[in-house]
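# Secondary and tertiary structure notes
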Amino acid sequence: MSEKSVNEAVSFGARLASSQAFADLFRDGMALVEETAAYLDGPGRQESKKLERNAALAYATESMRLTTRLMQLASWLLLHRAVKEGEMSLAQANKEKTKVKLSLGDRADADTTSLLPEQLRDLIDRSLGLLDRVRRLDATIHSPTTERPQNNPVERQLGLLKAAFEREAR
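Below is a summary of the structure that appears in this document. (Residues numbered from 1 in each chain as written. Predicted model: local features only at pLDDT ≥ 70, side-chain atom pairs only at ≥ 80, totals over all residues. Heavy atoms only, no water.)

### With respect to the nonpolar core
Residues Trp 76 and Leu 120 are the most contacted members of the largest nonpolar core, which totals 31 residues. Mapped onto this core, the elements with two or more residues apiece are helix H2 (20–41), helix H4 (53–84), helix H5 (90–96) and helix H7 (118–141). Broken down by element, this core gets its largest block of residues, 10 residues, from H4. Not counting the four nearest positions on each side in its chain, Trp 76 is found in contact with Phe 22, Leu 25, Lys 97, Val 100, Leu 102, Val 134, Leu 137, Asp 138 and Ile 141. (Core = buried A, V, L, I, M, F, W, Y, C linked by side-chain atoms within 4.5 Å. Buried < 20%, exposed > 50% of the residue type's maximum accessible area, 1.4 Å probe, protein only. Helix = DSSP H or I, 4+ residues; strand = E, 2+ residues; numbered from the N terminus. Contact = heavy atoms within 4.5 Å.)

Written as structure tokens, this is what we have:
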């Protein structure tokens, strides 16, 4: 791939990180982090005290998994906000993002989930949806620049946009 194509790909990733879609994702993600913290420190704590032993263990496990997932997502969002605001380059963010684990998307089995309070189940579902959105955007922003060349550079850009936003409408 030519030097010009590599620079265009990096430029596209940087522009995508600065897009309205990213701004919306950042806002949604950070709001979910705050909402989850408020729930776990307030109503969730009270609900967990009323649960039977098995349900209390499931609550503790799933709330820990939820918190860990959200902290990884917040790290990714903050890293890419730094790119958006010019505090670091996309290449630096790509290097730093290796420390962020976007693989924390395992869902508990149905029996375990059924033991949890409804609000915790909702927060878990929403965090998994956010994780899916972040994974798609991450794959688009940090797509390898050594992909097979296409005859039409506009077609490649449209393909990257489609991959990033194909499920946003759902």
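Here the narrative resumes, following the displayed structure.
### Overview of a nonpolar patch on the surface
Where nonpolar side chains cluster on the molecular surface, the patch consists of Val 154, Leu 158 and Leu 161 and spans about 260 Å² of accessible area. For Val 154, the position within the fold is in helix H8 (residues 153–165). Of the residues examined, Val 154 reaches a relative accessible area of 52% and is grouped as exposed. (Patch = residues over 30% accessible without salt bridge, like charges linked within 9 Å, V, L, I, M, F, W, Y side chains within 5 Å. Areas by Shrake-Rupley, 256 points an atom, 1.4 Å probe, with all protein chains shown as cover. Salt bridge = Lys/Arg side-chain N within 4 Å of Asp/Glu carboxyl O.)

### Quick look at the pattern of salt bridges
Counted under the stated rule, the structure contains 11 salt bridges. With a shortest N-O distance of 3.2 Å, Arg 27 and Asp 28 are connected by a salt bridge. The class of Asp 28 is partly exposed, set by a relative accessible area of 30%. Across the salt bridge formed by Arg 133 and Asp 28, the nearest N and O atoms sit 3.2 Å from each other. Of the two residues, Arg 133 is situated in helix H7 and Asp 28 in helix H2; the sequence distance between them amounts to 105 residues.

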